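These are the residues of each chain, in order.
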Amino acid sequence: MSKSINIVKSTAVPLNIENVDTDQIIPARFLKATSREGFGKNLFRDWRYENDDESKPRKEFALNDPRYRGSILVAAKNFGCGSSREHAAWAIKDAGFDVVVSSFFADIFKNNSLNNFLLPVTVSDEFLQQIFKAIEKDSAAVLEVNLPEQTISIAATGEKETFDINNYKKTCLLNGYDDIDYLLSMKDEITRFEQQTL
């Protein structure tokens, strides 16, 4: 599983449904495991299959539509609301997504995503609709998310918008650091500081 994120240039999977909660992202019955792996196959499980039967995929659902592929999930407003389960971010990351785009994320989901090397990109409602329109026009439409520059753009039209991210989390994502890795990366600086204060 890739940890560091720099520039993600990819086609996208559109999920134009508002108020998607974490129980829809990963149903509670799949939360028994404590490892982060294996959750991707149950991402949006109740929406993907009829009667929880993998042999009956719902063809109209975006993740089952062969036209849509890529490492960017484009979601409608208020994505990741509901319970605080970290497994929601695990499932999206394990399914092969590196970026989730929406015009609004629930705070806990957003933090869980950043802690699990999944980049939540918040755009304006207007730009989100432009993205959906671009994908509707061409399912192979490419988006580019540039983390160093904090921009997201639609390749076909050149339309672009900036997004905000916490500087600490940005550093962690660019380098593939979790909190402990970040501290270890500063080991020499910490040692020098300790020696100066003795």
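Given the structure is predicted, the values throughout are model-derived calculations rather than measurements.

This part covers helix 3 (residues 87-94). Among the eight residues that make up helix 3, seven are buried, leaving the element largely enclosed by the rest of the structure. Inspection of helix 3 places His87, Ala88, Ala89, Trp90, Ala91, Ile92 and Lys93 among the buried residues, and these make up the whole buried set. Looking at the buried residues of helix 3, the elements they touch are helix 1 (22-25), strand 2 (72-75), strand 3 (99-102) and helix 4 (107-115). Just downstream of helix 3, Gly96 is the residue with a positive phi angle, here 105°.

If you look at the biggest cluster of nonpolar residues, it comprises 55 residues, and the most contacted ones within it are Phe44, Val74, Phe79, Ile92, Val101 and Leu119. Among the elements that line this core, the one with the most residues is helix 5 (residues 125-137), at six residues.

This part covers the pattern of salt bridges. This model, assessed by the stated rule, comprises eight salt bridges. For Glu54, the salt bridge identified is with Arg45, shortest N-O distance 2.9 Å. What makes Arg45 buried here is its relative accessible area of 7%. A salt bridge links Lys93 to Asp98, with the shortest nitrogen-to-oxygen separation between them at 2.7 Å. On the accessibility criterion, Lys93 (5% relative accessible area) is buried. Three or more residues are tied together by salt bridges with common partners; here these are Arg29, Arg45, Asp46, Asp52 and Glu54.

Time to look at unusual backbone geometry. Positive phi outside glycine occurs at Phe44, with the angle close to 55°. Tracing the backbone shows Phe44 in the loop between helix 1 and helix 2 (45-48). Residue Phe44 is classed as buried on the basis of its relative accessible area of 0%. Phi angles above zero are rare outside glycine, and Phe117 is one such case at about 60°.

Thresholds applied
Residues numbered from 1 in each chain as written. Predicted model: local features only at pLDDT ≥ 70, side-chain atom pairs only at ≥ 80, totals over all residues. Heavy atoms only, no water. Buried < 20%, exposed > 50% of the residue type's maximum accessible area, 1.4 Å probe, protein only. Helix = DSSP H or I, 4+ residues; strand = E, 2+ residues; numbered from the N terminus. Contact = heavy atoms within 4.5 Å. Core = buried A, V, L, I, M, F, W, Y, C linked by side-chain atoms within 4.5 Å. Salt bridge = Lys/Arg side-chain N within 4 Å of Asp/Glu carboxyl O.

Keep in mind these values describe shape, not function.
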